[in-house]
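Descriptive structure summary
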Amino acid sequence: MVRDSQREKWRRRRRRRKIFHYTKIVVILLLICGIVYGSKKFYEKEFLENAKEEDAIETINPTDKPSNISISDDEEDENISEDTNRKNLDETNDSNPIKMPGESEADDGIKEPEVTKEPEAIKEPEATKEPEVTKEPEATKEPEVTKEPEATKEPVVTKEPEVTKTPEVTKKPEVTQKPEVTKIPDSNVDSNDDSYFDDAVFIGDSRTEGFGIYSGLKNATFYAEKGLMVDTILTEKVAKVDGEKMTILKALEKKSFKKVYIMLGVNELGWDSDSIFIERYTNIIKEIKELQPQAEIYVQSIIHINSEKLRNPQSYLNNKKINKRNELIKKMAEENEVHYLDLNSVLSDSNGNLFLDASSDGIHLNKEYCKVWKKYLIENK
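These notes cover the structure that comes with them. (Residues numbered from 1 in each chain as written. Predicted model: local features only at pLDDT ≥ 70, side-chain atom pairs only at ≥ 80, totals over all residues. Heavy atoms only, no water.)

The next point concerns the sheet that holds strand β5 (residues 259-263). If you walk across this open sheet you meet the five strands as β2-β1-β5-β6-β7, and the pairing is parallel. Edge positions in the sheet fall to β2 (221-224) and β7 (339-341), since each has one partner strand and no second. This sheet shows a mean twist of 20 degrees between the axes of neighbouring strands, independent of strand direction. With four bridges joining them, strand β1 (residues 200-204) and β2 adopt parallel strand pairing. Bridge pairing links Val201 to Thr221 in β2. Contacts from helix α10 (residues 206-214) reach β1, β2 and β5, with the element oriented near 155 degrees to β2. (Pairing = 2+ DSSP bridges. Helix = DSSP H or I, 4+ residues; strand = E, 2+ residues; numbered from the N terminus. Axes fitted to C-alpha atoms, helices over the stretch in contact; angles between N-to-C directions. Contact = heavy atoms within 4.5 Å.)

For the rest of this paragraph, the subject is the packing of α10 against helix α15 (residues 367-379). Packing of α10 against α15 leaves a shortest axis separation of 9 Å and a crossing angle of 95 degrees. One way to sum up the angle between α10 and α15 is to call them roughly perpendicular. Contacts from Arg207, Thr208, Gly210, Phe211 and Tyr214 of α10 reach α15 at Lys367, Cys370, Trp373, Lys374 and Leu377. The class makeup of the residues in the contact of α10 with α15 is five nonpolar, two polar and three charged. (Parallel < 35°, antiparallel > 145°, perpendicular 65-115°, else oblique. Nonpolar A, V, L, I, M, F, W, Y, C, P; charged D, E, K, R; others polar.)

Looking now at the nonpolar core. By size, the foremost hydrophobic cluster in this structure holds 42 residues, and its most contacted members are Ile203, Tyr223, Ile262, Tyr281 and Ile288. When residues of this core are traced back to their parent elements, those giving at least two are β1, β3 (239-241), α11 (248-254), β5, α12 (274-291), β6 (296-300) and α13 (319-335). Broken down by element, the residue count for this core peaks at six residues, all from α12. Apart from residues lying up to four places away in sequence, Ile203 is in contact with Thr208, Tyr223, Ile233, Ile248, Leu252, Val260, Tyr261, Ile262, Met263 and Ile288. Grouped together as the second largest cluster of nonpolar side chains are 25 residues, Ala200, Phe202, Tyr261 and Met263 included. (Core = buried A, V, L, I, M, F, W, Y, C linked by side-chain atoms within 4.5 Å. Buried < 20%, exposed > 50% of the residue type's maximum accessible area, 1.4 Å probe, protein only.)

And the structure:
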(Lines give C-alpha, C1' and ligand atoms only; values in the text may rest on other atoms or scores of the structure.)
Protein backbone atom coordinates (compact mmCIF):
# COMPACT_ATOMS: atom_id res chain seq x y z
CA MET A 1 0.00 0.00 0.00
CA VAL A 2 2.88 2.38 0.76
CA ARG A 3 4.38 1.84 -2.60
CA ASP A 4 1.06 2.39 -4.45
CA SER A 5 0.34 5.66 -2.61
CA GLN A 6 3.89 6.84 -3.22
CA ARG A 7 3.59 6.07 -6.91
CA GLU A 8 0.24 7.90 -7.08
CA LYS A 9 1.89 10.99 -5.56
CA TRP A 10 4.66 10.79 -8.13
CA ARG A 11 2.13 10.47 -10.96
CA ARG A 12 0.19 13.55 -9.75
CA ARG A 13 3.45 15.45 -9.40
CA ARG A 14 4.48 14.51 -12.94
CA ARG A 15 1.07 15.55 -14.30
CA ARG A 16 1.34 18.94 -12.56
CA ARG A 17 4.81 19.41 -13.96
CA LYS A 18 3.66 18.50 -17.46
CA ILE A 19 0.74 20.94 -17.21
CA PHE A 20 3.13 23.63 -15.96
CA HIS A 21 5.54 22.98 -18.86
CA TYR A 22 2.76 22.97 -21.43
CA THR A 23 1.39 26.23 -19.96
CA LYS A 24 4.82 27.84 -20.20
CA ILE A 25 5.18 26.71 -23.79
CA VAL A 26 1.73 28.09 -24.70
CA VAL A 27 2.53 31.44 -23.00
CA ILE A 28 5.84 31.68 -24.82
CA LEU A 29 4.18 30.87 -28.14
CA LEU A 30 1.53 33.52 -27.47
CA LEU A 31 4.25 36.05 -26.66
CA ILE A 32 6.10 35.23 -29.86
CA CYS A 33 2.90 35.45 -31.90
CA GLY A 34 2.09 38.81 -30.25
CA ILE A 35 5.53 40.18 -31.00
CA VAL A 36 5.40 38.97 -34.60
CA TYR A 37 1.90 40.32 -35.04
CA GLY A 38 2.81 43.68 -33.47
CA SER A 39 5.93 44.06 -35.58
CA LYS A 40 3.94 43.15 -38.67
CA LYS A 41 1.35 45.82 -37.85
CA PHE A 42 4.08 48.32 -37.16
CA TYR A 43 5.80 47.67 -40.48
CA GLU A 44 2.49 47.84 -42.32
CA LYS A 45 1.78 51.17 -40.66
CA GLU A 46 5.22 52.49 -41.60
CA PHE A 47 4.76 51.25 -45.11
CA LEU A 48 1.37 52.98 -45.45
CA GLU A 49 2.73 56.20 -43.98
CA ASN A 50 5.68 56.19 -46.39
CA ALA A 51 3.33 55.48 -49.29
CA LYS A 52 1.08 58.39 -48.29
CA GLU A 53 4.08 60.67 -47.95
CA GLU A 54 5.26 59.75 -51.42
CA ASP A 55 1.77 60.35 -52.82
CA ALA A 56 1.69 63.72 -51.09
CA ILE A 57 5.06 64.69 -52.53
CA GLU A 58 3.95 63.67 -56.01
CA THR A 59 0.82 65.81 -55.76
CA ILE A 60 2.82 68.80 -54.53
CA ASN A 61 5.56 68.55 -57.23
CA PRO A 62 3.75 68.15 -60.56
CA THR A 63 5.62 67.70 -63.83
CA ASP A 64 6.60 70.68 -65.96
CA LYS A 65 4.19 72.03 -68.52
CA PRO A 66 4.78 71.28 -72.20
CA SER A 67 6.36 74.21 -74.00
CA ASN A 68 4.44 73.84 -77.22
CA ILE A 69 1.01 74.71 -75.76
CA SER A 70 -0.35 78.17 -76.42
CA ILE A 71 -1.81 79.94 -73.41
CA SER A 72 -4.19 82.83 -73.39
CA ASP A 73 -3.70 85.97 -71.35
CA ASP A 74 -6.22 84.93 -68.75
CA GLU A 75 -4.75 81.54 -68.48
CA GLU A 76 -1.28 83.05 -68.26
CA ASP A 77 -2.38 85.25 -65.38
CA GLU A 78 -3.87 82.26 -63.69
CA ASN A 79 -0.68 80.30 -64.23
CA ILE A 80 1.39 83.14 -62.83
CA SER A 81 -0.78 83.24 -59.76
CA GLU A 82 -0.56 79.49 -59.49
CA ASP A 83 3.22 79.63 -59.81
CA THR A 84 3.33 82.23 -57.10
CA ASN A 85 1.20 80.13 -54.83
CA ARG A 86 3.28 77.08 -55.59
CA LYS A 87 6.50 78.90 -54.69
CA ASN A 88 4.99 80.01 -51.43
CA LEU A 89 3.83 76.51 -50.74
CA ASP A 90 7.29 75.08 -51.46
CA GLU A 91 8.86 77.58 -49.07
CA THR A 92 6.42 76.62 -46.33
CA ASN A 93 7.08 72.95 -47.02
CA ASP A 94 10.80 73.44 -46.73
CA SER A 95 10.53 75.31 -43.46
CA ASN A 96 7.72 73.20 -42.00
CA PRO A 97 7.67 69.72 -43.54
CA ILE A 98 4.33 68.02 -43.71
CA LYS A 99 3.65 65.55 -40.89
CA MET A 100 1.23 62.70 -41.44
CA PRO A 101 -1.29 61.82 -38.75
CA GLY A 102 0.22 59.71 -35.99
CA GLU A 103 3.74 60.82 -36.95
CA SER A 104 5.85 62.62 -34.38
CA GLU A 105 8.95 64.64 -34.83
CA ALA A 106 11.15 61.69 -34.18
CA ASP A 107 9.32 59.45 -36.69
CA ASP A 108 11.89 59.87 -39.41
CA GLY A 109 12.45 56.11 -39.80
CA ILE A 110 15.23 55.89 -37.21
CA LYS A 111 13.20 54.06 -34.53
CA GLU A 112 13.32 50.71 -36.23
CA PRO A 113 16.38 49.41 -34.39
CA GLU A 114 14.59 49.96 -31.05
CA VAL A 115 11.36 48.35 -32.23
CA THR A 116 13.05 45.27 -33.66
CA LYS A 117 14.85 44.29 -30.48
CA GLU A 118 13.18 40.91 -30.55
CA PRO A 119 16.14 38.83 -29.34
CA GLU A 120 15.93 40.59 -25.96
CA ALA A 121 12.19 39.97 -25.68
CA ILE A 122 12.25 36.28 -26.51
CA LYS A 123 14.98 35.03 -24.24
CA GLU A 124 13.42 31.61 -23.97
CA PRO A 125 16.43 29.66 -22.71
CA GLU A 126 16.31 31.55 -19.41
CA ALA A 127 12.56 31.06 -18.99
CA THR A 128 12.52 27.39 -19.96
CA LYS A 129 15.17 25.98 -17.66
CA GLU A 130 13.18 22.81 -17.22
CA PRO A 131 16.04 20.42 -16.35
CA GLU A 132 16.48 22.26 -13.03
CA VAL A 133 12.74 21.98 -12.22
CA THR A 134 12.22 18.36 -13.24
CA LYS A 135 14.81 16.59 -11.14
CA GLU A 136 12.71 13.46 -10.99
CA PRO A 137 15.53 10.89 -10.50
CA GLU A 138 16.00 12.18 -6.93
CA ALA A 139 12.27 11.87 -6.18
CA THR A 140 11.86 8.38 -7.66
CA LYS A 141 14.19 6.43 -5.41
CA GLU A 142 11.78 3.51 -5.17
CA PRO A 143 14.33 0.74 -4.41
CA GLU A 144 14.89 2.29 -0.94
CA VAL A 145 11.16 2.21 -0.14
CA THR A 146 10.37 -1.26 -1.49
CA LYS A 147 12.96 -3.40 0.22
CA GLU A 148 10.62 -6.37 0.33
CA PRO A 149 13.14 -9.24 -0.36
CA GLU A 150 14.45 -8.85 3.20
CA ALA A 151 10.96 -9.28 4.67
CA THR A 152 9.99 -12.28 2.53
CA LYS A 153 12.78 -14.71 3.29
CA GLU A 154 10.35 -17.57 3.71
CA PRO A 155 12.64 -20.41 2.49
CA VAL A 156 14.55 -20.11 5.75
CA VAL A 157 11.39 -20.69 7.77
CA THR A 158 9.90 -23.52 5.72
CA LYS A 159 12.76 -25.99 5.74
CA GLU A 160 10.47 -28.85 6.71
CA PRO A 161 12.62 -31.63 5.19
CA GLU A 162 15.36 -30.80 7.68
CA VAL A 163 12.89 -31.03 10.55
CA THR A 164 11.67 -34.47 9.50
CA LYS A 165 15.14 -35.93 9.26
CA THR A 166 15.19 -38.13 12.31
CA PRO A 167 18.85 -39.00 11.88
CA GLU A 168 19.60 -35.99 14.05
CA VAL A 169 17.41 -37.55 16.70
CA THR A 170 18.80 -41.01 16.19
CA LYS A 171 22.44 -40.34 16.89
CA LYS A 172 24.79 -43.19 17.44
CA PRO A 173 24.52 -44.53 20.93
CA GLU A 174 27.32 -43.99 23.31
CA VAL A 175 27.93 -47.55 24.44
CA THR A 176 29.05 -46.78 27.93
CA GLN A 177 26.91 -49.21 29.88
CA LYS A 178 26.49 -52.95 29.55
CA PRO A 179 22.95 -54.30 29.53
CA GLU A 180 21.76 -56.95 31.86
CA VAL A 181 22.51 -60.19 30.05
CA THR A 182 19.70 -61.93 31.89
CA LYS A 183 17.10 -60.52 29.52
CA ILE A 184 18.98 -61.45 26.37
CA PRO A 185 18.38 -64.74 24.62
CA ASP A 186 21.38 -66.93 24.04
CA SER A 187 23.59 -64.75 21.84
CA ASN A 188 26.65 -66.97 21.71
CA VAL A 189 26.95 -67.38 17.97
CA ASP A 190 29.61 -69.66 16.58
CA SER A 191 32.29 -67.54 14.91
CA ASN A 192 32.41 -69.98 12.01
CA ASP A 193 28.93 -68.88 11.02
CA ASP A 194 30.24 -65.38 10.22
CA SER A 195 31.52 -66.69 6.90
CA TYR A 196 27.89 -66.98 5.85
CA PHE A 197 27.85 -63.21 5.36
CA ASP A 198 31.06 -62.98 3.32
CA ASP A 199 29.02 -62.59 0.11
CA ALA A 200 26.33 -60.41 1.72
CA VAL A 201 25.67 -56.66 1.55
CA PHE A 202 23.78 -54.70 4.20
CA ILE A 203 21.91 -51.55 3.13
CA GLY A 204 20.36 -49.16 5.63
CA ASP A 205 20.56 -46.14 7.92
CA SER A 206 22.45 -45.54 11.19
CA ARG A 207 21.03 -48.73 12.77
CA THR A 208 22.61 -50.83 10.02
CA GLU A 209 25.77 -48.76 10.39
CA GLY A 210 25.91 -49.65 14.11
CA PHE A 211 25.23 -53.29 13.29
CA GLY A 212 28.29 -53.32 11.04
CA ILE A 213 30.42 -51.99 13.91
CA TYR A 214 29.21 -54.24 16.74
CA SER A 215 28.21 -57.48 14.97
CA GLY A 216 31.81 -58.51 14.29
CA LEU A 217 31.16 -59.20 10.60
CA LYS A 218 34.49 -58.36 9.00
CA ASN A 219 33.99 -59.73 5.49
CA ALA A 220 30.45 -58.49 4.88
CA THR A 221 29.85 -55.32 2.84
CA PHE A 222 27.98 -52.41 4.40
CA TYR A 223 26.42 -49.58 2.36
CA ALA A 224 24.93 -47.64 5.26
CA GLU A 225 24.80 -44.05 6.43
CA LYS A 226 23.09 -42.05 9.14
CA GLY A 227 19.83 -40.50 7.93
CA LEU A 228 19.51 -42.65 4.81
CA MET A 229 15.92 -42.84 3.50
CA VAL A 230 13.98 -44.39 0.65
CA ASP A 231 14.33 -41.19 -1.41
CA THR A 232 17.95 -40.25 -0.64
CA ILE A 233 19.25 -43.76 -1.34
CA LEU A 234 19.08 -42.88 -5.03
CA THR A 235 21.16 -39.72 -4.71
CA GLU A 236 23.44 -40.03 -1.64
CA LYS A 237 26.96 -41.26 -2.42
CA VAL A 238 27.14 -43.79 0.40
CA ALA A 239 28.99 -46.73 -1.18
CA LYS A 240 32.73 -46.82 -1.73
CA VAL A 241 34.07 -49.06 -4.50
CA ASP A 242 37.78 -49.11 -5.38
CA GLY A 243 38.27 -45.88 -3.46
CA GLU A 244 35.47 -44.05 -5.29
CA LYS A 245 32.31 -42.77 -3.59
CA MET A 246 29.05 -43.47 -5.42
CA THR A 247 25.37 -44.17 -4.89
CA ILE A 248 24.28 -47.58 -3.60
CA LEU A 249 22.54 -48.55 -6.84
CA LYS A 250 25.64 -47.59 -8.83
CA ALA A 251 27.78 -49.75 -6.53
CA LEU A 252 25.42 -52.71 -7.01
CA GLU A 253 26.09 -52.47 -10.74
CA LYS A 254 29.81 -52.93 -10.19
CA LYS A 255 29.79 -55.78 -7.68
CA SER A 256 27.64 -58.92 -7.32
CA PHE A 257 26.35 -60.38 -4.05
CA LYS A 258 24.54 -63.56 -3.03
CA LYS A 259 22.56 -61.93 -0.22
CA VAL A 260 21.13 -58.41 0.12
CA TYR A 261 19.82 -57.26 3.51
CA ILE A 262 17.98 -53.95 3.55
CA MET A 263 16.31 -52.04 6.38
CA LEU A 264 14.87 -48.53 5.99
CA GLY A 265 11.97 -46.63 7.51
CA VAL A 266 12.81 -45.19 10.93
CA ASN A 267 13.83 -41.83 9.45
CA GLU A 268 10.65 -41.70 7.37
CA LEU A 269 8.26 -41.98 10.34
CA GLY A 270 7.75 -38.21 10.13
CA TRP A 271 6.22 -38.57 6.67
CA ASP A 272 2.46 -38.12 6.64
CA SER A 273 1.88 -40.26 3.57
CA ASP A 274 2.26 -44.01 4.00
CA SER A 275 1.54 -44.57 0.31
CA ILE A 276 4.48 -42.43 -0.82
CA PHE A 277 6.82 -44.22 1.60
CA ILE A 278 5.84 -47.71 0.46
CA GLU A 279 5.82 -46.71 -3.22
CA ARG A 280 9.41 -45.48 -3.07
CA TYR A 281 10.49 -48.48 -1.02
CA THR A 282 8.94 -50.77 -3.65
CA ASN A 283 10.84 -49.01 -6.45
CA ILE A 284 14.13 -49.58 -4.59
CA ILE A 285 13.41 -53.31 -4.20
CA LYS A 286 12.65 -53.58 -7.91
CA GLU A 287 15.91 -51.80 -8.78
CA ILE A 288 17.91 -54.15 -6.54
CA LYS A 289 16.26 -57.20 -8.09
CA GLU A 290 17.29 -56.02 -11.55
CA LEU A 291 20.86 -55.22 -10.49
CA GLN A 292 21.33 -58.40 -8.42
CA PRO A 293 19.23 -61.09 -10.13
CA GLN A 294 21.15 -63.99 -8.50
CA ALA A 295 20.92 -62.62 -4.93
CA GLU A 296 18.46 -63.46 -2.16
CA ILE A 297 16.87 -60.23 -0.97
CA TYR A 298 15.89 -59.87 2.70
CA VAL A 299 13.72 -56.92 3.76
CA GLN A 300 14.06 -56.40 7.51
CA SER A 301 11.36 -54.84 9.67
CA ILE A 302 11.72 -51.46 11.36
CA ILE A 303 13.03 -52.16 14.88
CA HIS A 304 10.90 -50.89 17.74
CA ILE A 305 12.02 -48.04 20.00
CA ASN A 306 11.96 -47.53 23.75
CA SER A 307 10.33 -44.14 24.45
CA GLU A 308 11.61 -44.07 28.05
CA LYS A 309 15.15 -43.46 26.81
CA LEU A 310 14.45 -41.04 24.00
CA ARG A 311 16.38 -37.81 24.47
CA ASN A 312 14.24 -35.71 22.13
CA PRO A 313 10.90 -37.51 21.84
CA GLN A 314 8.85 -36.63 18.77
CA SER A 315 5.11 -37.20 18.41
CA TYR A 316 5.55 -39.27 15.24
CA LEU A 317 8.26 -41.48 16.78
CA ASN A 318 6.21 -44.28 18.35
CA ASN A 319 5.81 -48.05 18.06
CA LYS A 320 2.22 -47.81 16.91
CA LYS A 321 3.30 -46.08 13.72
CA ILE A 322 6.23 -48.49 13.35
CA ASN A 323 3.85 -51.47 13.48
CA LYS A 324 1.66 -49.89 10.78
CA ARG A 325 4.65 -49.32 8.51
CA ASN A 326 5.91 -52.88 9.14
CA GLU A 327 2.60 -54.28 7.96
CA LEU A 328 2.98 -52.35 4.71
CA ILE A 329 6.60 -53.52 4.33
CA LYS A 330 5.60 -57.15 4.88
CA LYS A 331 2.86 -56.88 2.26
CA MET A 332 5.29 -55.24 -0.16
CA ALA A 333 7.82 -58.07 0.34
CA GLU A 334 5.18 -60.71 -0.40
CA GLU A 335 4.04 -58.93 -3.56
CA ASN A 336 7.61 -58.60 -4.86
CA GLU A 337 8.57 -62.17 -3.83
CA VAL A 338 11.38 -61.24 -1.45
CA HIS A 339 12.00 -62.38 2.15
CA TYR A 340 10.60 -60.48 5.13
CA LEU A 341 12.41 -60.70 8.50
CA ASP A 342 10.62 -59.65 11.71
CA LEU A 343 13.49 -58.50 13.97
CA ASN A 344 11.08 -57.34 16.69
CA SER A 345 10.29 -60.96 17.52
CA VAL A 346 13.68 -61.20 19.27
CA LEU A 347 14.41 -57.53 20.09
CA SER A 348 11.15 -56.41 21.77
CA ASP A 349 9.60 -57.17 25.15
CA SER A 350 6.07 -58.40 25.82
CA ASN A 351 4.69 -54.84 25.60
CA GLY A 352 6.05 -54.38 22.10
CA ASN A 353 8.88 -52.03 23.12
CA LEU A 354 12.58 -52.35 22.47
CA PHE A 355 14.28 -53.99 25.45
CA LEU A 356 15.15 -51.30 27.97
CA ASP A 357 18.79 -52.40 28.22
CA ALA A 358 19.18 -52.92 24.46
CA SER A 359 19.95 -49.26 23.77
CA SER A 360 21.34 -46.21 25.50
CA ASP A 361 19.20 -43.78 23.50
CA GLY A 362 16.12 -45.94 22.93
CA ILE A 363 16.78 -46.38 19.19
CA HIS A 364 20.24 -47.77 18.35
CA LEU A 365 21.25 -51.24 19.53
CA ASN A 366 24.34 -51.87 21.62
CA LYS A 367 26.92 -54.59 21.00
CA GLU A 368 25.13 -57.43 22.84
CA TYR A 369 21.85 -56.97 21.02
CA CYS A 370 23.61 -56.61 17.68
CA LYS A 371 24.80 -60.17 18.24
CA VAL A 372 21.20 -61.21 18.89
CA TRP A 373 20.32 -59.54 15.61
CA LYS A 374 23.07 -61.45 13.80
CA LYS A 375 22.00 -64.77 15.32
CA TYR A 376 18.41 -64.20 14.13
CA LEU A 377 19.66 -63.61 10.56
CA ILE A 378 21.64 -66.84 10.62
CA GLU A 379 18.67 -68.80 11.95
CA ASN A 380 16.39 -67.40 9.24
CA LYS A 381 18.67 -67.75 6.27
